[in-house]
Amino acid sequence: MEQQSAQYLFGILTEVPAVAVIAGLLAILLFLGFSGAPLWVWTAGTAAALWGLGAPLWLWIVFGALALLFNIRSVRRALISRPLMRTIDAMGLLPRISETERIALESGTTWIEGEFFSGKPDFRRILQEAYPELSRKEKEFLEGPAQAVCDMSDDWDIHQRKDLTEEVWEFLKEKRFFGMAIPEKYGGHGFSAAGMNAIIGKLGSHSIPLAVDVMVPNSLGPAELLIEYGTEDQKEYYLPRLARGQEIPCFALTEPRAGSDASAISSQGEVFRGEDGELYLRLNWKKRYITLGAAATVLGLAFRLEDPENLLGKGEAPGITCGLIPTNAEGIKIEKRHDPLGVPFINSPTEGQDVVVPVGQIIGGADQAGNGWRMLMETLAGGRGIFMPALNTGGAKLATRVTGAYSVVRQQFGLPIGRFEGVEELLAPIGAKTYLLDALSRFTCGMVGQGKQSAVISAIAKYQSSEFNRDIINNAMDILGGAGIILGPHNLLGYKHIATPIAITVEGSNVVTRSLIIFGQGLIRSHPYVLKLMQALEGKDSKAFDKALWSHAGMIIRNAFRATLLNLSRGRLASSPSSGPTAMYYRKLAWASSNFAFMADLALLTLGGGLKKKEKVSGRFADVLSWLYLGSCALRKYEARGRREEELPFVKWILHHALFRIQRSFEDIYNNLPVPLLGALFRGPLSWWARLNPYGKKPSDRLGHQIAQDMQTDCQARKALTEGMYIPTGESKPLAILEKAFQLKLQGMPVYKKIRAATKAGKLEKGPQGELVEPAFEAGVIDEKERDLLAAAEKARQRAVQVDDFDLNELPVQISAEEEETGIIDAIKNFV
């Protein structure tokens, strides 16, 4: 029976045209490649193809030998994997990593970025990841103490006095702002990552110095390190004091010769036995850029520990260690302050010379000596993933609120400036990127809140949030014009603009973050197999190497097929978890991910360890990975918030922009891949094909117009976009003045329409709108109530667009001692 069935099938195949048979068999192979079938399925599929094509005996013999070679693991390992392992090791085809790099790579976890390195992201799984809401307690704190401290603070006054007022400092301590991250059992609030993000975002939308002074004690520093690694005695002593503000902490890491390369620190600590028989540390350091340094009572210190007599039993050089040093200890100098662009958060250098403290001041005690670098790497996600995005999101929400209102209130050529397309073109990216910043902050907090610490995701969050904020504030300053550049109590964005480079620089400079960390570290840590291959090579483990190698090879083959088919179908063959208006975006992100994964592996295979030095190429891959994640953040927010109709234009704008940026980055990769022969192929036909078959184009003017209109109306979209930012309680603050003018102007728009209609009908003479109110009332076009409304709106508008001015003696002229000696100051006074 089986023989008859085989003969019948063979008879059918012989009657089918050869081209059709070949096409069918190729389709089977393409399907196997697209789906990522295991090796034995490939073997069976290839055998079917050979049989269907009537392969000769010699080809069957070759195929059989190869099938046995690759499918029998012990044979494959002996004849292929072990020799290949030795060759790769000898040629340095995989990047070499230092001990500090190894610790950094092994610290933390991989999150959804691993999906993009796989080339086949599971968006159903991504949409199941947490998008956290605030607890009742967190909402009460946000609406209570956080609102109150903003009401009692004045950003202009803070900049003039170069510090918060004593009243504000005492309020922050009383309400335990410095203990937001500290568990309740130690006297803190125990807020979630999302809760702290929201609070810092609100403070940051009002005053950067206020936000930073609260942010730092809750970010990377003594409290966070104590919570994770401290001994119980250390926790019970320090955490309640930190929560109450009885101790003000700072953390000293950066040095003159150790900035982005923090592992190069030269601060030293030496273990010695005191005359009382106890163990002590003798510390020497020179640090700089230490936020809260001049105000701190306890200094978190990173230093290299030496133990010449091996008193701790960890060798003579345990390595980087973190300690808690009271700032009143003898030998400590904190006598100066830095001036970070005139933004008055406390930042200073600190020095210590022969400072002696008990060995118990090591965070975690003597057992954690030499474990400082791992501590820092495992906790760095806090600052990068929670607080920096919060600060940038708060600033973006303020810019969105201000520019939308100002575009309605400010008039030129008889029209609100928001009616002009040039202004509208600036407004749309402000609104869309603010939506994206909020999505990025909240989704990344969801990761941290689940106890996951992805250094790659945190790096993306820090880098992209600060770059978005820079774009947003630059656009906002263009819209505000003169009102943006004249500093004074009524300038809402001037100091935000001045402070922008600070966020670009701190917590790892953006240049280093983009060119070295996001893709450079991600390719090793987040790739499904690269780190496993490197560990197998380092450990000379041929079995682990064999498993990782052939799994990796299978993934490369699958992604080659997958990328080809998705390119030809423009992503239509990819699956989507949604059938609505966002379905196409999931498919295009999946298409881009398959190309990203294949090209990343190709770059690694062709450049090997040299890829580490190709920072331009690495930076472009980092941009692709970043926008894959950012697009996913926007889609996750849209789903988490119930697919709100008013948010869809923002989501569409973001995804179009994301796909356009991915397209540009791939074009740059193709045109600059430094590989012989293959480079020419990518610069030529493949680059040409990529331009003809793009992932996406820039967002349309229609989308931008819709977003700009939403920003200029008192609609739900505008309220949702700026939700959680500081809105003044009273009416005297600059934002309240602008908001009042905005609301009155919107209320008066129907009345102005009546006046314009009467003008067109010839009932009123043409002229500026403000001068037509009384004639319109006298002509009966508007009633008394409408006239009073327009008068109030005009009065509020005039007040809102005013800028600050000062008496000449209120603005001090900065004169150097040399200039004063030469008499130049007298000349200036005489001139005035």
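What you see is a predicted model; the values in this text were computed from it and never measured. (Residues numbered from 1 in each chain as written. Predicted model: local features only at pLDDT ≥ 70, side-chain atom pairs only at ≥ 80, totals over all residues. Heavy atoms only, no water.)

Side note on the nonpolar core
Part 1 of the reasoning: One finds Leu172, Leu493 and Tyr629 to be the most contacted residues of the largest nonpolar core, which totals 186 residues.
Part 2 of the reasoning: The element that contributes the greatest number of residues to this core is helix 18 (residues 421–449), accounting for 14 residues.
Part 3 of the reasoning: Among the nonpolar cores identified, the runner-up in size contains 27 residues, and Leu242, Ile320, Leu376 and Leu380 belong to it. (Core = buried A, V, L, I, M, F, W, Y, C linked by side-chain atoms within 4.5 Å. Buried < 20%, exposed > 50% of the residue type's maximum accessible area, 1.4 Å probe, protein only. Helix = DSSP H or I, 4+ residues; strand = E, 2+ residues; numbered from the N terminus.)

Examining the packing of helix 28 (residues 648–672) against helix 30 (residues 701–711)
Part 1 of the reasoning: Packing of helix 28 against helix 30 leaves a shortest axis separation of 9 Å and a crossing angle of 135°. Considering the angle they form, helix 28 stands oblique to helix 30. You can see that helix 28 and helix 30 cross each other, and the crossing is left-handed. Here Pro649, Phe650, Lys652, Trp653 and His656 of helix 28 lie close against helix 30, whose contacting residues are Leu703, Gly704, Gln706, Ile707 and Asp710. (Axes fitted to C-alpha atoms, helices over the stretch in contact; angles between N-to-C directions. Parallel < 35°, antiparallel > 145°, perpendicular 65-115°, else oblique. Left-handed = near helix turned anticlockwise from the far one by under 90°. Contact = heavy atoms within 4.5 Å.)

Some remarks on the environment of Ile332
Part 1 of the reasoning: Among the secondary structure elements, Ile332 is positioned in strand 6 (residues 332–333).
Part 2 of the reasoning: Setting aside its immediate chain neighbours within four residues, Ile332 contacts Trp285, Ile325, Pro326, Thr327, Thr350, Glu351, Gly352 and Val355.

Description of empty space enclosed by the protein
Empty space among the atoms becomes apparent when a probe as large as a water molecule is rolled across them.
Part 1 of the reasoning: Here the structure, examined in full by the defined rule, presents four cavities of 30 Å³ or more.
Part 2 of the reasoning: Around the largest cavity sit 18 residues that line it, and Asp155, His206, Pro489, Leu492 and Pro734 are the ones nearest its centre.
Part 3 of the reasoning: Of all the secondary structure elements, the ones that give two or more residues to the lining of the largest cavity are helix 11 (155–161), helix 13 (193–206), helix 21 (494–505) and helix 32 (734–760).
Part 4 of the reasoning: Residues that form the lining of the largest cavity fall into these classes: nine nonpolar, five polar and four charged.
Part 5 of the reasoning: As a volume, the second largest cavity reaches approximately 200 Å³.
Part 6 of the reasoning: The wall of the second largest cavity is formed by 17 residues, among which His490, Asn491, Leu492, Ala800 and Gln802 lie closest to the centre.
Part 7 of the reasoning: Secondary-structure elements contributing two or more residues to the lining of the second largest cavity are helix 17 (372–409), helix 32 and helix 34 (784–800).
Part 8 of the reasoning: Looking at the lining of the second largest cavity, the element that brings in the most residues is helix 32, giving three residues.
Part 9 of the reasoning: A class-by-class count of the residues in the lining of the second largest cavity yields 12 nonpolar, three polar and two charged. (1 Å grid on protein atoms, 1.4 Å probe; cavity = no way out; pocket = protein on both sides within 12 Å on 5 of 7 lines; lining within 4 Å. Points joined across faces, edges and corners; volume = space filled by probe spheres on them. Nonpolar A, V, L, I, M, F, W, Y, C, P; charged D, E, K, R; others polar.)

Quick notes on the side chain of Thr350
Part 1 of the reasoning: Here Thr350 lies in strand 7 (residues 347–358).
Part 2 of the reasoning: For Thr350, a relative accessible area of 1% puts it in the buried group.
Part 3 of the reasoning: Within the structure, the side chain of Thr350 is placed 3.4 Å from the side chain of Trp285, a separation counted as a polar contact. (Polar contact = N/O pair within 3.5 Å; in protein donor to acceptor, adjacent residues only side chain to side chain.)

Some thoughts on the pairing of strand 7
A regular strand places its side chains so that they alternate between the two faces of the sheet.
Part 1 of the reasoning: Here strand 3 (residues 279–291) pairs with strand 7 via nine bridges, running antiparallel. Residue pairing in the sheet places Ile290 in a bridge with Ser348 of strand 7.
Part 2 of the reasoning: Relative to strand 7, strand 6 runs antiparallel, the two sharing two bridges. The residue bridging Ile332 from the neighbouring strand is Gly352, located in strand 7. (Pairing = 2+ DSSP bridges.)

With respect to unusual backbone geometry
Part 1 of the reasoning: With a phi close to 65°, Lys162 is a non-glycine residue in the positive phi region.
Part 2 of the reasoning: Looking at where Lys162 falls in the secondary structure, it is placed in the loop between helix 11 and helix 12 (166–174).
Part 3 of the reasoning: Of the residues examined, Lys162 reaches a relative accessible area of 40% and is grouped as partly exposed.
Part 4 of the reasoning: Although it is not a glycine, Tyr289 adopts a positive phi angle of roughly 60°.
Part 5 of the reasoning: If you trace the backbone, Tyr289 turns up in strand 3.
Part 6 of the reasoning: With relative accessibility at 47%, the residue Tyr289 sits in the partly exposed group.

Here we look at the packing of aromatic side chains
Part 1 of the reasoning: A full pass over the atoms with the stated rule returns 24 aromatic pairs.
Part 2 of the reasoning: Centroid distance Trp111 to Phe443: 5.0 Å. Interplanar angle 55°. Geometry classified as tilted. A residue pair is termed long-range when its members are at least 10 positions apart, and Trp111 in the loop between helix 6 (99–106) and helix 7 (113–118) and Phe443 in helix 18 qualify at 332 residues. The exposure classification of Trp111 matches that of Phe443, with both residues buried. (Phe/Tyr/Trp six-rings, centres within 6.5 Å; stacked < 30°, edge-to-face > 60°.)

Some details on the packing of helix 15 (residues 222–229) against helix 16 (residues 232–244)
Part 1 of the reasoning: Two elements in contact, helix 15 and helix 16, have axes separated by 10 Å at closest approach and are oriented at 150°. Classified by chirality, the crossing of helix 16 by helix 15 is left-handed. Of helix 16, the residues touching helix 15 (which contributes Ala223, Leu226 and Ile227) are Gln234, Lys235, Tyr238, Leu239 and Leu242.
Part 2 of the reasoning: Residues of the contact of helix 15 with helix 16, tallied by class, amount to six nonpolar, one polar and one charged.

Details of helix 16
At 3.6 residues per turn, the α-helix brings residues three or four places apart onto the same side.
Part 1 of the reasoning: In this model helix 16 runs 18 Å from its N-terminal to its C-terminal C-alpha over 13 residues, within 8% of the 18 Å that 1.5 Å per residue would give.
Part 2 of the reasoning: The largest bend in helix 16 amounts to roughly 25° and is located at Tyr238, with the proline Pro240 lying one to four residues further along.
Part 3 of the reasoning: All of the buried residues in helix 16 are Gln234, Lys235, Tyr238, Leu239, Pro240, Arg241, Leu242 and Ala243.
Part 4 of the reasoning: If you follow the buried residues of helix 16, they end up packed against helix 12, helix 15, strand 1 (249–252), strand 4 (298–306) and strand 5 (319–326).
Part 5 of the reasoning: Once helix 16 finishes, Gly245 follows within two positions and takes phi at roughly 80°, a positive value. (Expected span 1.5 Å × (residues − 1). Bend = angle between axes of the 7 residues up to and from the residue.)

What to know about helix 30
Part 1 of the reasoning: For helix 30, every residue scored as buried is listed here: Leu703, Gly704, Ile707, Ala708, Asp710 and Met711. Projected down its long axis, helix 30 shows its buried positions confined to an angular sector of 160°, all on one face. Pointing more than 90 degrees away from the buried face of helix 30 are the exposed residues Asp701 and Arg702. (Arc of directions from axis to C-beta.)

Structural notes on the pattern of salt bridges
Part 1 of the reasoning: Under the counting rule described, the total for this entry stands at 25 salt bridges.
Part 2 of the reasoning: Among the ionic pairs, Glu639 bridges to Arg643, the shortest N-O distance being 3.0 Å.
Part 3 of the reasoning: Here Lys754 and Glu786 are joined by a salt bridge, their closest N and O atoms 2.7 Å apart. Residue Lys754 is located in helix 32, and its partner Glu786 is located in helix 34; the two are separated by 32 residues in the primary sequence.
Part 4 of the reasoning: For Lys754, a relative accessible area of 38% gives the class partly exposed.
Part 5 of the reasoning: Taking relative accessible area as the criterion, Glu786 reaches 15% and is therefore assigned buried. (Salt bridge = Lys/Arg side-chain N within 4 Å of Asp/Glu carboxyl O.)

Let's talk about a nonpolar patch on the surface
Part 1 of the reasoning: Where nonpolar side chains cluster on the molecular surface, the patch consists of Leu68, Ile72, Val75 and Leu79 and spans about 350 Å² of accessible area.
Part 2 of the reasoning: Along the chain, Ile72 turns up in the loop between helix 4 (57–71) and helix 5 (73–91).
Part 3 of the reasoning: The partly exposed category is assigned to Ile72, whose relative accessible area is 37%. (Patch = residues over 30% accessible without salt bridge, like charges linked within 9 Å, V, L, I, M, F, W, Y side chains within 5 Å. Areas by Shrake-Rupley, 256 points an atom, 1.4 Å probe, with all protein chains shown as cover.)

Details of the confidence of the model for the protein chain
Part 1 of the reasoning: This prediction gives the protein chain a mean pLDDT of 88; 91% of its residues lie at or above 70.
Part 2 of the reasoning: In the predicted structure, residues 1–16 sits below a pLDDT of 50 and forms five contacts with residues beyond four places in sequence or in another chain.
Part 3 of the reasoning: Of the regions scoring below 50 in pLDDT, residues 827–832 engages in three contacts with residues more than four places distant in sequence or in other chains. (pLDDT = per-residue confidence, 0-100.)

Re the state of the cysteines
Throughout this description, disulfide means a covalent bond between two cysteine sulfur atoms.
Part 1 of the reasoning: One pass over the structure, following the stated rule, counts zero disulfides.
Part 2 of the reasoning: We note that Cys322 lacks a disulfide partner, and the nearest cysteine sulfur, in Cys250, lies 13 Å from it.
Part 3 of the reasoning: Here Cys322 falls in the buried class, since its relative accessible area comes to 1%.
Part 4 of the reasoning: Just so you know, Cys633 is unpaired, no disulfide at all, and the nearest cysteine sulfur is the one on Cys445, 11 Å from it. (Disulfide = S-S within 2.5 Å.)

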